[in-house]
Amino acid sequence: MGYDPKNPMEGRISDLGPRYYGDFLPPVIKENKGKWLYHEILEPGVLVHVSETGAKVFTVRCGSPRLVSVNYVRDICDIADKHCDGFVRFTTRNNIEFMVDAFEKVAPLKETIKSYGNKFPIGGTGAGVTNVVHTQGWIHCHTPATDASGPVKAVMDDLFEYFGSMTLPAQVRIALACCLNMCGAVHASDIAILGVHRKPPMIDHARITGVCELPLAIASCPLGAVKPAKAIVNGEEIKSVQINAERCMFCGNCYTMCPALPMADAEGDGIAILVGGKVSNARSAPKFSKLVVPFLPNTTPRWPETVECVRQILVAYEKDAKKYERLGEWAERISWEKFFEKTGLPFTEKSIDDYRLAYDTWRTSTQFKYTSHTAAYTNK
Amino acid sequence: MAKHETPLLDELEKGPWPSFVTDLKQQAETKPEVWDILGQLELSFKDRITHWKHGGIVGVFGYGGGIVGRYSDVPKQFPGVEHFHTVRIAQPSGLYYSTENLRALMDLWEKYGSGVTNMHGSTGDMIFLGTRTENLEPLFWDLTHDLKQDLGGSGSNLRTPSCCLGESRCEWACFDAQEVCNSLTQRYQDEIHRPAFPYKFKFKFSACPNDCVAAIARSDFSVIGTWKDNIRIDQAAVQKYIANDPEYPSNGGSHKGRDWGPFDIQAEVIDLCPTQCMWMEGNELKIDDSECTRCMHCINVLPRALRPGLQKGASILIGAKAPILDGAQFSTLVVPFVEVNKENDFEEVVDVIEKVWDWWMEVGKNRERVGETMQRVGLPTFLSVMEVEPMPQHVKEPRSNPYVFWKEEEVEGGWDRDIEEYRRRHAA
């Protein structure tokens, strides 16, 4: 018996919650849970964890595009069935982890993984670039200012060497969110790729009455730029809104609340780059990412400006940062003026906060470094 | 469904990183509607805007979340994606799967949906991308009856809680992240499936301060592992690191790809300690644990020599969110230490959760995250609601303005005064 549309509540089961994690642990994991002593990254993408019982688990980590088909997942299952007793896990950064309980099993596992061509690149460990956390973009979302899987693919193609190596001063976490809602929570990433709008919403007066609660749309604007207004539709006066474009900061919250205020635009939309965030509490406290490039265009299909910009930042960091220093720690040590100089990114007024609490980021000190930015004052 | 030309997307089949375009094309061979996904995405690449309509409320009976409605704005051109609803499947804590379960999920999704997924979504759920309204109830029936599992959260409810892999494969776990995550997910099924909150509410459990699930940045209620006693030191292993023994690579081998020179415990551990609470005494590494803030750096660098203490638990921080609207927030430290104990059904964590909810459900405004409510009322008010005594640990530094909101009962004689009596002493 299956679902019966005539008796939808008959035999219904609800509130089961997720499957119990304990049923999905590989035997070596189950037996040594809570007993792990230490770990080591043997080579890029290959880890060993050693238990106080002497048991070891070897993990081979692989990247994935996150947006994957059921057949791709079945390939993962085939590998796990062949080598890993039918168990597999995913990381919070969309990597796949295949685990085996003996060192001798690592090489055959890697060989099978490699037989799938570039489907499952091995890496994503240690002081390198691991997989990108990202959102849906044009494949599924209704508010994006850029695509997600497209730019991620282009960026990771370019940074591929860093996924399979550990040559950087520390781990570099890249994330992409396709609009300011930040489902990808890019606000604490070493390098954040963020979809941004630059044109105020249009007003679809013909549709607004049917699809929009006007008070909610008006209240949705943090800067009071959405005001009640009358409009004429088919010769009749209706209640609608007007937008004070000069006040708009392009957050898109009004469109979230009101489908009659669309923002998407081929020229207006694009990407901002923010850097220097971190989540871990190691050494310094968690940090927000800071806006260093206000806009790059959505140049489909491969976003060359974004790809180049990310590489430019990464290479400057790789060259200049000290061992263990996260990108934000490096920028703070050398000063942000040196960050712009060393990366070659132009500094614009758009990196100066003029929203709430902006003053917290203004420099209230005589301490600064002389860089090209101060040349107009020093080279007289 | 006809194959579509995708010259722009075809460019994303090039390069060494796995291509979702290649994958979707292969999927389209057995699921022709995937051609329409590719076709519409190609159109978005051409037009450089999304082609999904705003909104669409769909779901299964009895639930107010778990499914996100989505409709194409070009359904005539791409009928296979006319409806393209997302189904969120609650993930097992720690993201381990048996292939038996994964295969069953994939079969289910091939039967009722597009066959396109995310492993995983940003909050942690497994995401099934793209199905029609009429498939939702049959899918839910099979999911619950045959696979014995359930949808995740969406909307103004408790979102599917998530955690790091915790004790299952990490020596630094200070509590059993999977157990508490699973246990509270089960406890709060009603809150996950039936929206009753002002806005979304997320739990994340990271079992140590490295915070691999980004709890401090991404969850309203962040439970982050810590300890009360001293870092455990194996002095013999410290010596191995100092001697540059190849079995003891710094930072667990994460810097192996580059020659950083021989390991230097002074420069790489002692000098980088944010509280400067470590030193060498002869051959012994010493730590003044009373000065330690448990940042994890020394433990990360010397995983075979240093371990978190034995009296483990968690700090509870509250209120993180992404920038919309007033800017991004990290969670704020509220409870410095709780035990995360299965024996008492995690009551120390549950007490804090329910205190937050009782208050926020009453005073939180529509679409106001708890971190914004905290900002609106101020941290002192929030702490009093939480029945937590204010302490210096709650702030980075004391306030620098003098605008204290004194309460009348705190001021001798209260606020009722007589202006005439005042004028007798102080003429205008």
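Because the structure is a prediction, the values reported are computed rather than measured.

S.K.: Quick question: what am I supposed to make of the overall build of chain B here?
M.R.: The helix and strand inventory of chain B stands at 15 helices and 14 strands. With respect to the principal axes defined by its C-alpha atoms, chain B has extents near 90 × 80 × 45 Å. Buried residues in chain B amount to 57% of all 428 residues. Look at the contacts in chain B between residues 6 or more apart in sequence, and 64% of them connect residues 24 or more apart. Surface summary for chain B: the accessible area is close to 18200 Å², and the carbon and sulfur share equals 50%. The centroid of the 46 positive side-chain charges in chain B is displaced by 5 Å from the centroid of its 65 negative side-chain charges.

S.K.: Quick question: what am I supposed to make of the packing of helix α9 (residues 304-320) of chain A against helix α11 (residues 336-343) of chain A here?
M.R.: For any two helices packed against each other, one specifies the inter-axial angle together with the distance between the axes. Residue and element names in this part refer to chain A. α11 packs onto α9 with a crossing angle of 110° between their chain directions and a minimal axis gap of 9 Å. On the basis of their axis angle, the class for α9 and α11 is roughly perpendicular. Seen along the crossing, α9 lies across α11 with a hand that is right-handed. Contact residues: Q312, I313, A316 and D320 in α9; F339, K342 and T343 in α11. Partitioning the contact of α9 with α11 into residue classes produces three nonpolar, two polar and two charged.

S.K.: Could you clarify how one ought to interpret helix α4 (residues 99-112) of chain B in this entry?
M.R.: For an α-helix the count is 3.6 residues per turn, leaving residues at separations of three or four pointing the same way. In this model, α4(B) (14 residues) spans 20 Å end to end at C-alpha, consistent with the 20 Å of a helix rising 1.5 Å per residue. Within the sequence span of α4(B), burial applies to T99(B), N101(B), L102(B), L105(B), M106(B), L108(B), W109(B) and Y112(B).

S.K.: Is there a simple way to think about the state of the cysteines in this case?
M.R.: Simply put, the disulfide is a covalent bond whose two ends are the sulfur atoms of two cysteines. Residues and elements named next belong to chain A. Applying the stated criterion across every chain yields a total of one disulfide over all chains. Between the sulfur atoms of C212 and its disulfide partner C258 the distance amounts to 2.5 Å. Classification of the bridge connecting C212 and C258 rests on its S-S torsion, roughly -130°, and on that basis the disulfide is left-handed. Placement of C212 in the loop between α6 (205-211) and α7 (214-219) and of C258 in the loop between α8 (253-257) and β12 (270-275) is noted, with a sequence separation of 46 residues between them. Summarising the burial analysis for this pair, C212 and C258 share the class buried. Between C251, a free cysteine, and C221, which holds the nearest cysteine sulfur, the sulfur-to-sulfur gap is 6.3 Å. Of the residues examined, C251 reaches a relative accessible area of 12% and is grouped as buried. In this structure C254 is a free cysteine whose sulfur lies 6.4 Å from that of C251, the closest cysteine sulfur available.

S.K.: Would you take a moment to explain the environment of G164(A) for this structure?
M.R.: Along the chain, G164(A) turns up in the loop between α5 (160-163) and β8 (174-177). The residues touching G164(A), leaving out its near neighbours within four places in the chain, are P44(A), I122(A) and G123(A).

S.K.: How should I be thinking about the pattern of salt bridges in this particular structure?
M.R.: If charged atoms from side chains of opposite charge come close, those side chains can pair. Inspection of every chain in the model, using the stated rule, returns 48 salt bridges over all chains. When the shortest N-O distance is used, the salt bridge between R326(A) and D190(A) registers 2.8 Å. Taken together, the residues span a long stretch of sequence, with R326(A) in the loop between α9 and α10 (327-334) and D190(A) in the loop between β8 and β9 (191-196) at a distance of 136 residues. Like R326(A), the residue D190(A) is buried in the burial classification. Across the pair E13(B) and K25(B) runs a salt bridge, and its minimum N-O distance is 2.6 Å. One end of the pair, E13(B), is in the loop between α1 (7-10) and α2 (20-30); the other, K25(B), is in helix α2, and 12 residues separate them in sequence.

S.K.: How should α10(A) be read in this particular structure?
M.R.: Residue and element names in this part refer to chain A. The buried fraction of α10 is high, at six of eight residues. Taken residue by residue, α10 has L327, G328, E329, W330, A331 and I334 as its buried positions. Contacts from the buried residues of α10 go to β9, β12, α9 and α11.

S.K.: I tried to follow the sheet that holds strand β7 (residues 203-206) of chain B on my own but got confused; where do I start?
M.R.: In a beta sheet, neighbouring strands are held together by backbone hydrogen bonds and run either parallel or antiparallel to one another. All names here are of chain B. Within the open sheet, the five strands sit side by side as β6-β7-β8-β13-β14. Their pairing is mixed. Looking along the sheet, the strands with just one partner apiece sit at the ends: β6 (162-163) and β14 (332-338). By the bridge criterion, four bridges tie strand β13 (residues 312-318) to β14 in an arrangement that is antiparallel. Note that in β14 the partner of A314 across the bridge is V338. Contacts between helix α6 (residues 177-187) and the sheet are confined to β6 and β7, with β7 contributing the most and set at about 165° to the helix.

S.K.: Please clarify how the interface of chain A and chain B should be interpreted in this entry.
M.R.: Size of an interface, as often reported, equals the accessible area lost when the parts are brought together. The partner chain B presents 131 residues to the 132 residues of chain A that form the contact. By the criterion of area lost to chain B, the three top residues of chain A are W138(A), H140(A) and Y324(A), representing 7% of everything that side buries. Between chain A and chain B we count 12 salt bridges in total. In this structure, R74(A) and D107(B) form a salt bridge, with 2.8 Å as the shortest nitrogen-oxygen distance. The tally of links between chain A and chain B comes to 84 residue pairs in polar contact (both at pLDDT 80 or more). For the side of chain A that touches chain B, the class distribution of residues is 68 nonpolar, 37 polar and 27 charged.

S.K.: What should I look at first to understand the domain arrangement of chain B in this one?
M.R.: Residues and elements named next belong to chain B. Taken domain by domain, chain B consists of domain 1 (7-145), domain 2 (162-227 + 313-410) and domain 3 (232-307). The C-alpha-based centres of domain 1 and domain 2 are spaced at 32 Å. Taken together, the contacts link 10 residues of domain 1 with 15 residues of domain 2. Of the roughly 950 Å² buried between domain 1 and domain 2, counting both surfaces, carbon and sulfur atoms make up 44%. Taken together, the connections running from domain 1 to domain 2 amount to eight residue pairs in polar contact (both at pLDDT 80 or more). The residue inventory of the side of domain 1 that touches domain 2, partitioned by class, reads two nonpolar, eight polar and no charged.

S.K.: Is there a simple way to think about the packing of aromatic side chains in this case?
M.R.: Ring pairs (aromatic) are described by centroid distance and by the angle formed between their planes. Per the counting criterion, the structure on display carries 36 aromatic pairs over all chains. The interplanar angle of 70° and the centroid separation of 5.7 Å between the aromatic rings of W330(A) and F339(A) together place this pair among those described as edge-to-face. Ring geometry for F201(B) versus W360(B): centroids 5.3 Å apart, planes at 45°, classification tilted. A residue pair is termed long-range when its members are at least 10 positions apart, and F201(B) in the loop between α7 (189-193) and β7 and W360(B) in helix α12 (residues 347-363) qualify at 159 residues. Given the relative accessible area of 0%, W360(B) is considered buried. The rings of Y188(B), F197(B), F201(B), F203(B), F205(B), F221(B), W357(B) and W360(B) are connected pair by pair, giving a single aromatic cluster. R89(A) extends its terminal NZ or CZ atom over the ring of Y96(B), reaching a point 5.2 Å from the ring centre.

S.K.: Help me out: how do you make sense of a nonpolar patch on the surface in this one?
M.R.: A surface patch of nonpolar side chains, about 450 Å² in accessible area, is lined by F347(A), I352(A), Y359(A) and W362(A). Inspection of the secondary structure assignment puts W362(A) in the loop between α11 and α12 (375-378).

S.K.: Help me understand the packing of helix α4 (residues 149-158) of chain A against α9(A), please; the structure alone is not making it clear to me.
M.R.: All names here are of chain A. Interaxial distance between α4 and α9 falls to 9 Å at its minimum, and their mutual angle equals 45°. If you check the angle between α4 and α9, you find them oblique. Handedness of the crossing formed by α4 with α9: right-handed. The residues of α9 that touch α4, namely those facing A154, V155 and D158, are T306, V307, V310 and R311. Partitioned by chemical class, the residues of the contact of α4 with α9 number four nonpolar, one polar and two charged.

The rules behind these values
Residues numbered from 1 in each chain as written. Chains lettered and ligands numbered in written order. Predicted model: local features only at pLDDT ≥ 70, side-chain atom pairs only at ≥ 80, totals over all residues. Heavy atoms only, no water. Helix = DSSP H or I, 4+ residues; strand = E, 2+ residues; numbered from the N terminus. Buried < 20%, exposed > 50% of the residue type's maximum accessible area, 1.4 Å probe, protein only. Contact = heavy atoms within 4.5 Å. Areas by Shrake-Rupley, 256 points an atom, 1.4 Å probe, with all protein chains shown as cover. Lys, Arg positive; Asp, Glu negative; His and termini not counted. Charge placed at Lys NZ, Arg CZ, Asp CG, Glu CD. Axes fitted to C-alpha atoms, helices over the stretch in contact; angles between N-to-C directions. Parallel < 35°, antiparallel > 145°, perpendicular 65-115°, else oblique. Left-handed = near helix turned anticlockwise from the far one by under 90°. Nonpolar A, V, L, I, M, F, W, Y, C, P; charged D, E, K, R; others polar. Expected span 1.5 Å × (residues − 1). Disulfide = S-S within 2.5 Å. Salt bridge = Lys/Arg side-chain N within 4 Å of Asp/Glu carboxyl O. Pairing = 2+ DSSP bridges. Buried area = accessible area lost by both parts, 1.4 Å probe. Polar contact = N/O pair within 3.5 Å; in protein donor to acceptor, adjacent residues only side chain to side chain. Domains from an automatic or database assignment. Phe/Tyr/Trp six-rings, centres within 6.5 Å; stacked < 30°, edge-to-face > 60°. Lys NZ or Arg CZ within 6 Å of the ring centre and 35° of its normal. Patch = residues over 30% accessible without salt bridge, like charges linked within 9 Å, V, L, I, M, F, W, Y side chains within 5 Å.

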